[in-house]
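Spelled out, the chains give:
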2 protein chains.
Amino acid sequence: MKMMTGVMPKETMEISEILASDLYGQTISVNGAVHTVRDMGEVAFVVLRKREGLLQCVYEEGVTAIDLKELKEGAAIEVSGVLNKEDRAPGGFEIRMKEVKILSEPTESLPLPIAKWKMNTSLEAKLNHRAVALRNIRERATFRIQEGIVRGFRDFLYSQEFTEIHTPKLGAKSAEGGANLFKLEYFHRPAILQQSPQFYKQMMVGVFDRVFETAPVFRAEKHNTKRHLNEYNSLDFEMGYIDGFEDIMAMETGFLQYTMELLKKDYAKELDILQIELPDVSQIPAIRFDEAKQRVAEKYDRQFRNPYDLEPEEEHLIGQYAKEEFGSDFVFVTHYPSKKRPFYAMDDPADSTYTLSFDLLYKGLEITTGGQRIHQYDKLMEKIAQRGMETEGMEHYLSAFKYGMPPHGGLGIGMERLTMQLIGEDNVREATLFPRDLSRLEP
Amino acid sequence: MKMMTGVMPKETMEISEILASDLYGQTISVNGAVHTVRDMGEVAFVVLRKREGLLQCVYEEGVTAIDLKELKEGAAIEVSGVLNKEDRAPGGFEIRMKEVKILSEPTESLPLPIAKWKMNTSLEAKLNHRAVALRNIRERATFRIQEGIVRGFRDFLYSQEFTEIHTPKLGAKSAEGGANLFKLEYFHRPAILQQSPQFYKQMMVGVFDRVFETAPVFRAEKHNTKRHLNEYNSLDFEMGYIDGFEDIMAMETGFLQYTMELLKKDYAKELDILQIELPDVSQIPAIRFDEAKQRVAEKYDRQFRNPYDLEPEEEHLIGQYAKEEFGSDFVFVTHYPSKKRPFYAMDDPADSTYTLSFDLLYKGLEITTGGQRIHQYDKLMEKIAQRGMETEGMEHYLSAFKYGMPPHGGLGIGMERLTMQLIGEDNVREATLFPRDLSRLEP
């Protein structure tokens, strides 16, 4: 019988602990993966990859009690040696290796040049060897930034008194969005994977006023583009007692402001690795859909056919317009046409061909869809009838409205798309640990 | 064109803002849902439900500019009136209503007595009317506590330099755990829903050393018990460079210690509502599987048939034993038999019929399974061969080991089970917003 009393202290040191210490000239222990070995003859540099970054060890013949050939790239080792200042090494220090313990060895040499600063490997190859490709320092930094985004989303919303919820991803067949749903059998009953937590988060507004969820969503869309995934993570919130859909956009602006500060503070190392300049989010312009269309057509002398939607090229130009006119990487496009929005979107009382809804474009790419929802049961039923829809499978959702719901609205942010735009990549798969698309179900 | 500059200030006040203010005798505005109306004749108490709790308003004939009959339970309203001290009201204040604006009205009266302190409604009825049942103050408090647990998990692990990951829930068919997997068609290919992020989090240990994920998992088990769900949320972590599986248990103990403090600090209101006394987690005993079996058999004079596993009744008694002998609600049971653990579990070098693994029992219920994993490619392949398993579908997982993996281990915690035990319920559905079980796919 033992007693566990909390986190166990370690004899090995992390990079930040070494930097905060004053142990120069003394013997310390570290562990890590052999990232690269540069043999210079009498000495060799053995660079370890640790969770905080790279750490340089110096191998000296006669001093280090192991043969250099035994140190394979990919091995996990523990080193003890003397800590020395060394300006040319990462962090300004290095460790002169004395003892080396091999914790684990690879059986094959690495299939990708992960020790290079930029791998210059095709996306396809990186995705095929995902668990190895991400060992590259730049590749993995993307996902630290992604952590910061999600963390910022949650922490900001906690501060705004939102409650975090966990809604089911398995559901009964519903009338909404039939074609884009993955279908499966659930104990001899037809079931689907949720394409959005929409109905659940709305129902929970009646309980907690303000709710959010960060979870996967599933879309069986046959898109094969750089912007689409068949499984992605959606950062969703929904809030009650709003005065208008501007409250939603204002809350999202607040989230972005909070998150950029968090990244600056806690993810500076990764921002530096990826050479990211954070966008200015002190103010974000909001332009009406019809006005944006018109301004872009005029300024760039382009005509787009579809009056009810924005083509990718058009979104791109709206982004360019916002940058040129307002110096903003972000722009809200508001009042989307009713016929392009789902039944629960609230129509603009001033003109019911438009809705009180919006998209947020970031560098010309849609990263958010949101808006005010219909909160009155009668109006919801009216809209459903008007569209010739069935209520089958929506009974529980609709019944929540019978018992009273406050005016409310919300949004969903594509986590991978936001990450992709922030790091300046052009394929959403670069910002997805293990992407799922038309052809990819592994790794 | 408008500019969004961040969260918009509100004229209506929240409970905490009122309590922090000194506006007694002045007119303020609040909004909320009409939770209950108690008509006393000349006055009536109109209790509003807000996200922070209940707020008492006083309706006075001739003073309040609306007919009391117009205030239906379930309506969302905005009230302005004079703030008064009132010791008998929640929070020690009430608002004498002057103006009332009805924001939204219900169309039907409530199907459950949600305004009662304890509803005394069957679980079945509560689940059938989930969106309404949760409007009860006690019912919803459970999910605030749940938020605290998940928040504690993440915040503690951030502080321990874990990286948050998001792994796919859709995957290719794999040799592991076939029968318990939900199957679906993914663009004309067979696919499954992941029953655990196990393989992915292990692969990511090679990248970030320490990773965690909080996400849904899916199990097609035909269990119909108070402890099983077919979809639940798993709090998973995996850490590299461990000295032994005790590091994992120590980390979990640290998480529990951190989380109990967080609950005490930020969720005191909900702990009070549910009358929860937080468990002492300053130390948690760890007993070997075989020893626990023996001690329980002796102390309680019970014999259990299965020498390789613990029956629910046996787990219950081990929990009782830990409480009686060590005063602990929690107990780690270590060294589970190898034949009951998955192939990737590391066998105890001292006796390979046992593994370096553990379960954590909380009040006699398993809430965590964890342990050290095999980190060497050759040993992993040996174990697979030994079990007569196929490697089909595990190629990517296995290849990560070819390129070197540190010694590592981790665990998965059932979010709903941990919540259920903390709040003292006996059915896991009480701690699940929208449970999925053999018979329930809605709401």
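Thresholds applied
Residues numbered from 1 in each chain as written. Chains lettered and ligands numbered in written order. Predicted model: local features only at pLDDT ≥ 70, side-chain atom pairs only at ≥ 80, totals over all residues. Heavy atoms only, no water. UniProt positions renumbered as here; feature names shortened; annotations may be inferred. Contact = heavy atoms within 4.5 Å. Buried area = accessible area lost by both parts, 1.4 Å probe. Salt bridge = Lys/Arg side-chain N within 4 Å of Asp/Glu carboxyl O. Polar contact = N/O pair within 3.5 Å; in protein donor to acceptor, adjacent residues only side chain to side chain. Pairing = 2+ DSSP bridges. Helix = DSSP H or I, 4+ residues; strand = E, 2+ residues; numbered from the N terminus. Axes fitted to C-alpha atoms, helices over the stretch in contact; angles between N-to-C directions. Nonpolar A, V, L, I, M, F, W, Y, C, P; charged D, E, K, R; others polar. Least-squares fit on C-alpha atoms with pLDDT ≥ 70 in both. Core = buried A, V, L, I, M, F, W, Y, C linked by side-chain atoms within 4.5 Å. Buried < 20%, exposed > 50% of the residue type's maximum accessible area, 1.4 Å probe, protein only.

By the naming in an unreviewed UniProt entry, chain A goes by Aspartate--tRNA(Asp/Asn) ligase and is assigned to Eubacterium ramulus. The Subunit (unreviewed entry) field of the UniProt record for chain A holds the comment "Homodimer." Regarding chain A, the UniProt comment filed under Sequence similarities (unreviewed entry) reads as follows: "Belongs to the class-II aminoacyl-tRNA synthetase family. Type 2 subfamily."

## Here's the deal with the interface of chain B and chain A
Contacts between the two partners involve 128 residues from chain B, matched on the other side by 128 residues from chain A. Summed over both partners, the interface of chain B with chain A comes to about 11,100 Å²; 59% of that surface belongs to carbon and sulfur atoms. Our enumeration of links across chain B and chain A arrives at 12 salt bridges. Arg154 of chain A serves as the salt-bridge partner of Glu164 of chain B, at 2.6 Å between the closest nitrogen and oxygen. Applying the counting criterion to the chain B and chain A interface returns 60 residue pairs in polar contact (both at pLDDT 80 or more).

## Considerations on the sheet that holds strand 6 (residues 93–104) of chain A
All names here are of chain A. Reading around the circumference, 2-3-4-6-5 is the order of the 5 strands in this closed barrel, with mixed pairing throughout. Going from strand to strand, the sheet's axes swing by 55° on average, the running direction of each strand aside. In the sheet, strand 5 (residues 76–85) pairs with strand 6 via 10 bridges, with the strands oriented antiparallel. The residue of strand 6 that forms the bridge with Glu78 is Lys101. Seen against the sheet, helix 4 (residues 137–159) touches strand 2 (27–39), strand 3 (43–50) and strand 4 (53–60) and runs at an angle of roughly 20° to strand 3.

## Some details on the packing of helix 10 (residues 377–386) of chain B against helix 11 (residues 395–402) of chain B
Residue and element names in this part refer to chain B. Running from N to C, helix 10 and helix 11 point in directions that differ by 145°, and their axes come no closer than 8 Å. Two secondary-structure elements touch here, helix 10 through Tyr377, Leu380, Met381 and Ile384 and helix 11 through Tyr397, Leu398, Phe401 and Lys402. Here the contact of helix 10 with helix 11 is composed, by residue class, of 7 nonpolar, no polar and 1 charged.

## A few points about the relation of the copies chain B and chain A
Superposing chain B onto chain A takes a rotation of 180° plus a shift of 0.0 Å along the axis, which leaves an RMSD of 0.0 Å. In short, the pair behaves as if placed about a two-fold rotation axis. Taking C-alpha positions as the reference, the residue of chain B nearest the rotation axis is Leu184 of chain B, at 2.4 Å. Both copies share a contact surface, since 100% of the interface residues of chain B are interface residues in chain A too.

## Considerations on the nonpolar core
Ranked by size, the top nonpolar core spans 75 residues in total, and within it Ile145, Met203, Met204, Phe237 and Tyr397 of chain B carry the most contacts. The contact partners of Phe237 of chain B, leaving out residues within four places of it in the chain, are Phe153, Leu157, Phe162, Lys201, Val211, Phe212, Ile248, Met251, Glu252, Gly410 and Leu411 of chain B. Core analysis: the second largest hydrophobic core is formed by 74 residues, Phe245, Leu380, Tyr397 and Met415 of chain A among them.

## Considerations on the UniProt feature "binding site: ATP" (unreviewed entry) in chain A
All names here are of chain A. Residues annotated by UniProt as "binding site: ATP" (unreviewed entry) correspond here to Arg219, Ala220, Glu221, Arg227, His228, Leu229, Glu366, Gly414, Met415, Glu416 and Arg417. Residues in contact with Arg227, not counting those within four places in the same chain, are Pro312, Leu365, Arg417 and Val428. Topologically, Glu416 is positioned in helix 12 (residues 415–423). For Glu416, a relative accessible area of 3% gives the class buried. Beyond its immediate chain neighbours, meaning those up to four positions away, Glu416 contacts Gln146, Leu229, Tyr232, Asn233, Val428, Ala431 and Thr432. Separated by 3.0 Å, the side chain of Glu416 and the backbone nitrogen of Asn233 make a polar contact.

## Here we look at unusual backbone geometry
Leaving glycine aside, a negative phi is the common case for residues, and trans is the common case for peptide bonds. Residue and element names in this part refer to chain A. Cis geometry marks the peptide bond from Glu442 to Pro443, where omega comes out at -5°. Mapped onto the elements of the fold, Pro443 is located in the segment after helix 12. Of note, His188 is a non-glycine position whose phi angle comes to about 70°, a positive value. As for its placement among the helices and strands, His188 is situated in the loop between strand 9 (183–186) and strand 10 (189–193). Phi is positive for Asp301, close to 50°, though the residue is something other than glycine. Mapped onto the fold, Asp301 is located in the loop between helix 8 (289–300) and helix 9 (312–326). In this structure Asp301 comes out as exposed when scored by relative accessible area, which is 68%.

## Quick word on the pattern of salt bridges
On inspection of all chains with the given rule, the structure shows 72 salt bridges over all chains. When the shortest N-O distance is used, the salt bridge between Lys293 of chain A and Glu314 of chain A registers 2.7 Å. Of this pair, Lys293 of chain A sits in helix 8 while Glu314 of chain A sits in helix 9, placing them 21 residues apart in sequence. Neither residue differs from the other here; Lys293 of chain A and Glu314 of chain A are each classed as buried. Residue Asp266 of chain B pairs with Lys265 of chain B through a salt bridge whose shortest N-O separation is 3.3 Å. The exposed category is assigned to Lys265 of chain B, whose relative accessible area is 60%. Each of Glu14, Lys50 and Arg51 of chain A together with Glu161 of chain B takes part in one network of salt bridges that share partners.

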